[in-house]
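# Per-entry structural report
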Amino acid sequence: RMLTADERASWQRDGFFVRRAFAAREPVLGDMLARVVAICRDHAAGRDVAPALVLPEARGNPAARAPEDLISKVFRLHRDPTFARFARDPALLDLVAGLLGDDVDCFLSQFIFKTPGAYGQPWHQDALYFPFEPDRQLGVWLAVTEARLDNGCLHVLPGSHREPVHSHVRDPRPGSNYGYLEIVDHDMSAAVPVLMQPGDLLVFHSHLMHRSTDNESAGIRAAMVYHYSPAGTVDRSPRGPAYVNDWMPVRRDGAPVAPAPEARP
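In this text the structure is predicted, and so the values were computed from the model without any measurement.

What counts and how
- Residues numbered from 1 in each chain as written.
- Predicted model: local features only at pLDDT ≥ 70, side-chain atom pairs only at ≥ 80, totals over all residues.
- Heavy atoms only, no water.
- Salt bridge = Lys/Arg side-chain N within 4 Å of Asp/Glu carboxyl O.
- Helix = DSSP H or I, 4+ residues; strand = E, 2+ residues; numbered from the N terminus.
- Buried < 20%, exposed > 50% of the residue type's maximum accessible area, 1.4 Å probe, protein only.
- Phe/Tyr/Trp six-rings, centres within 6.5 Å; stacked < 30°, edge-to-face > 60°.
- Lys NZ or Arg CZ within 6 Å of the ring centre and 35° of its normal.

### Some remarks on unusual backbone geometry
Of the consecutive residues Glu 26 and Pro 27, the connecting peptide bond is found in the cis state with omega at 5°. Cis geometry is found at the peptide bond from Ala 50 to Pro 51, where omega equals 10°. Located in the positive-phi region is Ala 21, a residue other than glycine, with phi close to 50°. The backbone of Arg 76 shows a phi angle near 60°, a positive value even though the residue is not glycine.

### With respect to the pattern of salt bridges
Following the criterion strictly, the structure yields 15 salt bridges and no others. The residue Arg 20 makes a salt bridge to Asp 200 at a minimum N-O spacing of 2.9 Å. Separated by 180 residues along the polypeptide, Arg 20 in the loop between β1 (16-19) and α2 (25-44) and Asp 200 in the loop between β10 (192-194) and β11 (201-205) bring together distant segments of the chain. Accessibility expressed as a relative area gives 49% for Arg 20, which makes it partly exposed. Of the residues examined, Asp 200 reaches a relative accessible area of 5% and is grouped as buried.

### Remarks on the packing of aromatic side chains
Per the stated rule, a full pass over the model turns up nine aromatic pairs. With a centroid separation of 5.6 Å and an interplanar angle of 10°, the aromatic rings of Phe 130 and Phe 132 are classed as stacked. With respect to class, Phe 130 is no different from Phe 132; both count as buried. Over the ring of Tyr 119 we find Arg 59, and its NZ or CZ is 3.9 Å from the ring centre. Directly above the ring of Tyr 119 sits Arg 173, whose terminal nitrogen or CZ lies 4.2 Å from the centroid.

Structure representation (structure tokens):
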């Protein structure tokens, strides 16, 4: 499962590639969905779900029937055993290490529900949120459900990973989610959609310009996203580390790092 020549060429040329059928629907995707639903329901019942952070969908969901139907994203999951297993998966880390080097940390994770009617996230670069040194981060986007045009799949701008971080402005739409910012100074006409089946994996550069569109379907468009960085990365944010980040070693000298003893669900 090491990087193929085509994947490496796509990474260098386009800033992303897709590994099809990377993860199995069962048990991997089923376990992830069941676990994050349980976290959302525990949170709604007032139980402590730390270190997870549950963020509601700003626009709500008139058709909601369960607590998870009201949720946009759940952050800080990569210490939870269900999600940590995938964060440390040797096949996944072979791909990541092939691009970042053998010593790697996972610093951010989020499960995205994208409920029916939810806004898409505007054009942005993840590197805007990562004022790190070195500036060498990547994301892996695992499709938990099918990602289609009607349910808000990602769109990417090939080659834009070679751009510096552009200015972003606040998303002007009423009821847009917290943290939604938008690039408005770049031509996006060459963008392409990334259609994915459950278990497909998108690996993308933190400078790659990308967006999602609104979910116009009757179901969720679920995905699990992890972000990785070389070990020893320094956060240079003048405001201090972002509360959603949680640095966790996952690979050293070519081998996965075992979970710390204090890691708890």
